[in-house]
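Residues per chain, in single letters:
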Amino acid sequence: MASGPTESPRDAAALLGVLAAPDRLRVFAALVLDARGTTEIAERAGLAPRDTVRILARLEEAGLAARVGDGWHACPERLGEAAFAPDGSAAADYPGRPPGDVAVLRTYLDDGRLRQLPPQRAKRLVVLDHLAGHVEPGVRYTEAQLADILRPLADDPLALRRLLVDEGFLGREGGVYWRTGGTFDV
């Protein structure tokens, strides 16, 4: 990704400024819709190829477009990164998480504590993955030790424990629990 003003805490405002120009927005939209070559992008955006090249350079500078071989690729994930930038916003609370996961975690957790389980399984797995991160990989826990870890995370630590086991985040045998899945920090 190109270095520049979009890597600062004012990312969201800077990126909105880049996309505020109608021509740049049309070129970005053409990229998002899988136009790859400069000519194809220019045609979809309704612009001259020379103007399109200039705009693509500006989008690349902002991190919204990248050269791929002899074509171009949109980087819409940059918008999500900017929306949850490390300027005290949500991404700081969930480092390394994709913006979509951050949005789910912000919705269902309150200061790291489970507010409610998402009804959709995909979102529930995001929340459980995050909560399982409080269990140290490679360590075996008694039920009481695991309850001590989960109690600050949920009103019903026993139900949370069952869900973590049922969804494969924790293993269980003879009253001993250990981490078996989920995202691991390395």
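The preceding data block contains the structure.
What counts and what doesn't
- Residues numbered from 1 in each chain as written.
- Predicted model: local features only at pLDDT ≥ 70, side-chain atom pairs only at ≥ 80, totals over all residues.
- Heavy atoms only, no water.
- Pairing = 2+ DSSP bridges.
- Helix = DSSP H or I, 4+ residues; strand = E, 2+ residues; numbered from the N terminus.
- Salt bridge = Lys/Arg side-chain N within 4 Å of Asp/Glu carboxyl O.
- Buried < 20%, exposed > 50% of the residue type's maximum accessible area, 1.4 Å probe, protein only.
- Expected span 1.5 Å × (residues − 1).
- Arc of directions from axis to C-beta.
- Contact = heavy atoms within 4.5 Å.
- Phe/Tyr/Trp six-rings, centres within 6.5 Å; stacked < 30°, edge-to-face > 60°.
- Lys NZ or Arg CZ within 6 Å of the ring centre and 35° of its normal.

1. Quick word on the pairing of strand 6 (residues 170-173)
As judged from the four bridges shared by strand 6 and strand 7 (residues 176-179), these two strands associate in the antiparallel manner. The residue of strand 7 that forms the bridge with glutamate 173 is valine 176. Hairpin connection, strand 6 to strand 7: the antiparallel pair is bridged by two residues, and glycine 174 has positive phi, about 55°.

2. Here we look at the sheet that holds strand 5 (residues 141-142)
One open sheet accounts for three strands, arranged 5-7-6; its pairing is antiparallel. This sheet does not close on itself; its edge strands, each paired only once, are strand 5 and strand 6.

3. Quick word on the pattern of salt bridges
In the structure shown here, the tally under the stated rule is ten salt bridges. In this structure, arginine 44 engages glutamate 40 in a salt bridge whose closest nitrogen and oxygen atoms are separated by 3.6 Å. Here arginine 44 and its partner glutamate 40 are both found in helix 3 (residues 38-45), four residues apart, which amounts to about one turn of the helix. Taking relative accessible area as the criterion, arginine 44 reaches 46% and is therefore assigned partly exposed. Residue glutamate 40 is classed as partly exposed on the basis of its relative accessible area, which comes to 31%. For the salt bridge of arginine 161 with glutamate 143, the shortest nitrogen-to-oxygen distance reads 3.6 Å. Taken as a pair, arginine 161 in helix 10 (residues 157-166) and glutamate 143 in helix 9 (residues 143-150) lie far apart in primary sequence, 18 residues in all. The exposure class assigned to arginine 161 is buried, which follows from its relative accessible area of 11%.

4. A short note on helix 4 (residues 49-61)
Here helix 4 contains 13 residues, and its C-alpha end-to-end distance of 18 Å stays within 8% of the 18 Å for a straight helix at 1.5 Å per residue. Listed in full, the buried residues belonging to helix 4 are Thr52, Ile55, Leu56 and Leu59. The buried side chains of helix 4 occupy one side of the element, clustering within an arc of 105° when seen end-on. Exposed residues pointing more than 90 degrees away from the buried face of helix 4 are listed as Arg50 and Arg54. Directly beyond the C-terminal end of helix 4, a positive phi value near 85° is found at glycine 63.

5. With respect to the pairing of strand 7
Here strand 5 runs beside strand 7; their pairing, made up of two bridges, is antiparallel. Across the sheet, residue tyrosine 141 finds its bridge partner in strand 7, namely tyrosine 177.

6. Re helix 9
Here helix 9 has its buried residues at Leu146, Ala147, Ile149 and Leu150. The arc that holds every buried residue of helix 9, seen down its axis, measures 160°, which confines them to one face. Those residues of helix 9 hidden inside the fold are in contact with strand 5, helix 10, strand 6 and strand 7.

7. Here we look at the packing of aromatic side chains
All told, the structure shown has zero aromatic pairs when counted by the stated rule. In this structure, arginine 140 is placed above the aromatic ring of tryptophan 178, and the distance from its NZ or CZ to the ring centre is 4.2 Å.

8. A look at unusual backbone geometry
Even without being glycine, aspartate 34 reaches a positive phi, approximately 75°. By the secondary structure assignment, aspartate 34 is in the loop between helix 2 (22-32) and helix 3. Positive phi values are uncommon outside glycine, yet aspartate 111 reaches one of about 55°. With respect to the helices, strands and loops of the structure, aspartate 111 is situated in the loop between strand 3 (109-110) and strand 4 (113-114). Relative accessible area serves as the criterion here: at 80%, aspartate 111 is assigned to the exposed category.

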